[in-house]
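Observations on the three-dimensional arrangement
The primary structure of each chain is shown beneath.
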Amino acid sequence: MSLMSLFWVLIPLFIGILFMGLYRNLLVKLAVIFGASGRFIPLQEVDAAALGQAYTEEVLLQKRIRLRGRLPWARHMLISWGFTVLFAFDILTALFTKYVPLEAFNHGHAGWLFLKFGLNLSGMVLLVGLLIALLRGAAATDEARFTDRPGAIFLLLVVLSGFVAQAMHFANLPPEPSRGWALLGHWLGEALRPWAPYLGSYSFFWMAHALLASAFLAYLGWSRMIHVFAAPLGRIFYSQPALREAKVRAVMEGLLKPRAGKS
Amino acid sequence: MPPALRRFTWWSFFVTEALLVAAASAYVGLGTRDFWLVVTAAVAASVAYVIAVRRTPVPKLGEAASAPQRWYWF
């Protein structure tokens, strides 16, 4: 079995573990909270303006984190946007180089350089965010309690293994100036060129990156990283007046209910 | 659990697994030995998911409301 096949065999298992974590740590809890506060909001009662505002302020701009300070906000923005854009470019890369192969996205063409630029830029943004998080987390600051250290280290390994694998791949190829669009991948590749070719070590790093990235998805559901799903959902739900009112009503009804054994 | 959330629990999982098998087939080929290994992995993940869903205890309201707040700022 090739390493690529092994990777594809493991992916459904890792995603299965992610879903198990999401069910156990998010969905059943959501169900209980909704059960207590009433019901899902019927579609016609959704306040679209409030939803849009909550999404913009809480998810896109993360204003709540801004209240904790400029640095925590910058760090969180770098990590969340770096991760999101990187994930999007990963999907685009698979789509245009494998599933809907277009000539523009062949190796060295403009589309391919665009994908490499996006992947590397977002990877670098993520890397800077993670380094700030780990350095600030190591210092005895108030901010340290908000840092998910194991999660940040795990993600750092994913990012670093990706950059090293890509650099080894570039170092194995003849020099090509247009590859400068690959930014850090290109710079690292040029630095590693004197020791090229990398054959076994390139396969090792590529596989390590693929497995770590997939395992990280599984890890999301079982760690504090679940806030990637939970926090935006929570912010969006509670932006809805109907849901907030239902919650207050349920709490008030509970308080007004006579306790057993008391007159 | 509200019916809409229950439906989401099942549909989101099985559709994702089916998409992964379809995506994998572009790399390992349809009907090859590796393809059947991917299918086996997806089936194993599905069985594990069904068992996990069936056996997950429903938390009390206090646990459900406080744990996400402590952990996930929900």
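The following paragraphs examine the structure supplied in this document. (Residues numbered from 1 in each chain as written. Chains lettered and ligands numbered in written order. Predicted model: local features only at pLDDT ≥ 70, side-chain atom pairs only at ≥ 80, totals over all residues.)

What follows concerns the overall build of chain A. The secondary structure content of chain A amounts to ten helices and zero strands. The order of helices and strands in chain A, counted from the N terminus, is α-α-α-α-α-α-α-α-α-α. Whereas a compact globule of 263 residues would reach a radius of gyration of roughly 18 Å, chain A reaches 23 Å, over 25% beyond that. Of all 263 residues assigned to chain A, the portion counted as buried reaches 31%. Considering only residue pairs separated by 6 or more positions, chain A has 73% of its internal contacts joining residues 24 or more positions apart. (Helix = DSSP H or I, 4+ residues; strand = E, 2+ residues; numbered from the N terminus. Rg over C-alpha atoms; globule rule 2.2 N^0.38 Å. Buried ≥ 20, exposed ≤ 12 C-beta atoms within 10 Å, placed from the backbone. Contact = placed C-beta atoms within 7 Å.)

The next point concerns the interface of chain A and chain B. The interface is formed by 33 residues belonging to chain A together with 37 residues belonging to chain B. Among the secondary structure elements, those contributing two or more residues to the side of chain A that touches chain B are helix 1 (3-37), helix 4 (70-99) and helix 9 (227-237) of chain A. Residue classes in the side of chain A that touches chain B are distributed as 24 nonpolar, four polar and five charged. (Nonpolar A, V, L, I, M, F, W, Y, C, P; charged D, E, K, R; others polar.)

Residues and elements named next belong to chain A. Mapped onto the elements, Ser80 comes out in helix 4. By C-beta crowding, Ser80 is classed as buried, having 20 other C-beta atoms within 10 Å. For the pair formed by Ser80 and Val125, sequence separation is 45 residues and the distance between their alpha carbons is 9.5 Å.

This part takes up helix 5 (residues 110-138) of chain A. Residue and element names in this part refer to chain A. Between its first and last C-alpha atoms helix 5 spans 42 Å; for 29 residues at 1.5 Å apiece the expected length is 42 Å, and the two agree. Those residues of helix 5 that fall on the buried side of the exposure criterion are Trp112, Leu115, Lys116, Leu119, Asn120, Ser122, Gly123, Leu126, Leu127, Gly129, Leu130 and Ala133. On its buried face, helix 5 is in contact with helix 4, helix 6 (149-172) and helix 7 (183-192). (Expected span 1.5 Å × (residues − 1).)

The next point concerns the nonpolar core. Inside soluble globular proteins, nonpolar side chains tend to come together where they are buried. Core analysis: the largest hydrophobic core is formed by 31 residues, its most contacted members being Ile15, Leu18 and Phe19 of chain A together with Val38 of chain B. If you list the elements that add at least two residues to this core, you get helix 1, helix 8 (200-220) and helix 9 of chain A together with helix 1 (3-28) and helix 2 (33-55) of chain B. No other element matches the 16 residues that helix 1 of chain A contributes to this core. Leu18 of chain A has contacts with Leu217, Ala218, Leu220 and Gly221 of chain A, leaving out every residue within four places of it along the chain. Phe83, Leu126, Leu155 and Ala171 of chain A belong to the second largest nonpolar core, which has 30 residues in total. (Core = buried A, V, L, I, M, F, W, Y, C linked by C-beta atoms within 7 Å.)

A few words on the environment of Gly21 of chain A. Residues and elements named next belong to chain A. With respect to the helices and strands, Gly21 occurs in helix 1. Classification of Gly21 as buried rests on a count of 22 C-beta atoms within 10 Å. For the pair formed by Gly21 and Gly151, sequence separation is 130 residues and the distance between their alpha carbons is 15 Å. For Gly21, the contacting residues outside a window of four places in its chain are Gly221, Trp222 and Ile226.

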